[in-house]
Amino acid sequence: MTAINSVTDLTIEGDVAVITLNSPPVNALSANVREGLFEGFKAAIAEPAAKAIVLICEGRTFIAGADITEFGGASKGPGLNEVQDMMEGSPKPVVAAIHGTALGGGLEVALCAHYRVAVPSAKCGLPEVNLGLLPGAGGTQRLPRIVGAQRAMEMMTSGQHVPAKECLAMGLVDELAEEGKLRDAAIAYARKLVAENKPLVKVRDNDTKVAADRGKPEIFADFRKANARKFRGFLAPEYNIRCIEAAVNLPFDEGMAVERKLFMELMTGSQSAAQRYSFFAERTAAKIPGIADDVPLIPVKKVGVIGAGTMGGGIAMNFANAGIPVVIVEQKQEPLDRGLATIRKNYERTASRGGLTAAQVEERCALITGSLSMEDSFKDVDLVIEAVFERMDIKKDIFAKLDAICKPGAILATNTSGLNIDEIASVTKRPEAVIGLHFFSPANVMKLLEIVRADHTSDSVIATSMKLAKQIGKIAVLVGVCPGFVGNRILGARQREAQKLVMEGAMPWDIDRVLYDFGFPMGPFAMSDLAGLDIGWVKEKSNGESIRDVLCEADRRGQKTGAGYYDYDENRNAKPSAFTEKVINDFIVKSGANPRKISDEEILERCIFPMINEGLKILEEGKAIRASDIDVVWQNGYGWPVYRGGPMFYGDLVGPEKVLAKMKEFQATMGDQFKPAALLEKVVAEGKKFGQL
Ligand code: T1G
């Protein structure tokens, strides 16, 4: 064996040269890896004994892409294209041996091999779109030549990881190897190529599929139309499609020139910067300073959920999806049966869309059982999650009971969306076991999980909860106890301004439009109509003193009643309502305010800058660990457009000094709700960025 460099070995196995990469954690194409590949292939091609070459990786996966940590820095060592040219131009057959995930530049390297062998558990993909990019090493030109334009568009605009069996069927992989025997299988496959004198297939020369798509612009037009809503605001999906159009309509090298041009446009733009930032921000959120890596974790083999309502049922599904048995306790049989039936319906709906097999539906339903007694059912659970009414007295009563019922060491969690968890913990003898697990509705769909550490929550309980979050497919952010925690507290800042703007002359549909165009899935008023205006509204106590009161009293409770802030047609299409406009104007007249035309720019700044300011207060109070955690919360819990990074990232784009100046301007004209956070003043005074917090 020859060490080519610190991450690359070359061994000659009889008449096959094997290049082995070992660059944890994911064999990303760092300068070191590119150098090892370049020198490794050069040596393998020059080796007289070698008749064929195998490229394989150690560790968890084949090459998972370019090294994103190197982006933006000066490029060192051989370029990826030099490695690819060496592979594709090799006079000896090159076989890529794939396990784990061959992604992005990793798959693009594999596509420059003449053949690809994979184990069934392997997956292949070009997920650059998730980073606001496109495959920049020939993937946009080679993938369509194997799978055709339609499938290439699906893969590249979704970033999906395609299982090896499907890759085999599409011709992306040439042979499947037995699990655990990839190296031997790849060497045997290489020997067979030599023995049978198989041609050295260059993907770039294979025009059959793209020729079949040529002259059919409707393939692209139909795809764009079908995905317009999903791609709204994003640049990368459209740019990926344009590259595939070039692959269909232009010779390879001209297509490569289109790819290079569009790649650089994306790479140097703010959207990709935001999406690459978000990729790392999500992973950084999992790192908790002050908690040792070897802190003992609590095994969670069985979970209890209190409440079979929308939240309780959704929460339970997360654990069943991860194969963890769950018992749901309700007070009465009817709501329990209804909750279990809703869970089954949700799984069956997923199955009807091909997302689950019938067997998987049964497996998951079997993992979720129901009970009317905490005493009977919670004695052996390792974690209980309470998801009942947002009333402190009810929660305290439940936690006192749980404290008496659950075994020592069990974690007692509340799904409260903002109540004081220290107060809840105070009724137990085990405050170290009490934590907040704040799921977002629908709990089986929304990725965000706010994990709320109370004063006495132990490191073990925190670390266990963070690990469990990843196990159930959630993106966890550790936050502190304060009203609304991080997400809802910042939401409150935006909602307050939105309500004030309505009383100053901006209509709900103006505000919704500005925030929708900014990139949110919908604005605050459309969201209220969707959720229902009558959440928390009590008819008997309603006194017509607010716009919401008047709307609810007029039975305009949102989409479900066909009218709320908006009027809705039978297909729930919203349109501005003359009724609502009159209600608002009556309130304005009564308040004596002088309505004025408010610019879109002012609407946006008055909604977004107080969010940033509230985020800075949260950081000052130590209720979030870092600014990027706040961005992770808002992207994954509230639909902040990922191509704008999050409130704090966006604040840096706008510039802290501008945010401060505007907050001071608003404070001077509209009052102290715009008082700049001390940390905002400090960041500007020190010439820093929010991202450094
Ligand atoms: N570059 C650098 N570091 C990476 C990385 C990458 N491409 N991918 C993962 N990491 C780090 C990650 O930060 C974490 O670090 C650790 O690896 C484990 O990751 C030219 C331009 C491979 C499916 O988009 O999707 O190729 O926190 O926690 O859940 O056309 O990582 O441990 O210090 O996510 O098991 C295209 C991105 C790049 C793949 C594994 N490739 N990675 O998931 O572990 S652009 C991607 C992933 C490109 C070319 C273009 C996932 C994973 P730390 P993890 P995981």
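Residues numbered from 1 in each chain as written. Predicted model: local features only at pLDDT ≥ 70, side-chain atom pairs only at ≥ 80, totals over all residues. Heavy atoms only, no water.

Section: the site of the ligand
Taken together, 28 residues sit near the ligand, with Arg60, Glu108, Glu128, Arg283 and Lys287 positioned nearest. Taking alanine 66, its main chain carries an N or O atom lying 2.8 Å from an oxygen atom of the ligand. Separating an oxygen atom of the ligand from a side-chain N or O atom of lysine 470 is a distance of 3.3 Å. Contact with the protein chains hides 77% of the accessible area of the ligand, taken as 1000 Å² for the molecule alone. Contributing elements (two or more residues each) for the shell around the ligand: strand S6 (101-103), helix H3 (105-110) and helix H11 (270-284). Ranked by residue count, the leading element in the shell around the ligand is H11, at 3 residues. (Near = heavy atom within 4 Å. Polar contact = N/O pair within 3.5 Å; in protein donor to acceptor, adjacent residues only side chain to side chain. Areas by Shrake-Rupley, 256 points an atom, 1.4 Å probe, with all protein chains shown as cover. Helix = DSSP H or I, 4+ residues; strand = E, 2+ residues; numbered from the N terminus.)

Re the domain arrangement of the chain
Each domain of the chain was delimited in the assignment, giving domain 1 (2-267), domain 2 (303-482) and domain 3 (529-591). Once you take the C-alpha centre of each, domain 1 and domain 2 turn out to be 42 Å apart. (Domains from an automatic or database assignment.)

Quick notes on the environment of phenylalanine 378
Relative to the assigned elements, phenylalanine 378 resides in the loop between helix H15 (374-377) and strand S14 (383-386). Given a relative accessible area of 0%, phenylalanine 378 falls into the buried group. Beyond its immediate sequence surroundings of up to four residues, phenylalanine 378 is in contact with Gly304, Val305, Ile306, Val327, Val329, Val384, Leu402, Ile405 and Cys406. (Buried < 20%, exposed > 50% of the residue type's maximum accessible area, 1.4 Å probe, protein only. Contact = heavy atoms within 4.5 Å.)

Considerations on helix H25 (residues 627-638)
The end-to-end C-alpha distance of H25 is 16 Å, a good match for the 16 Å that 12 residues give at a rise of 1.5 Å each. Of all the 12 residues making up H25, 12 are buried; the element is thus mostly covered by neighbouring parts of the structure. In the core, the buried residues of H25 are packed alongside H11, strand S17 (448-453), strand S18 (475-480), helix H19 (487-502), helix H24 (600-620) and helix H26 (647-654). Glycine 639 occupies a position one or two residues after H25 and carries a positive phi of about 75°. (Expected span 1.5 Å × (residues − 1).)

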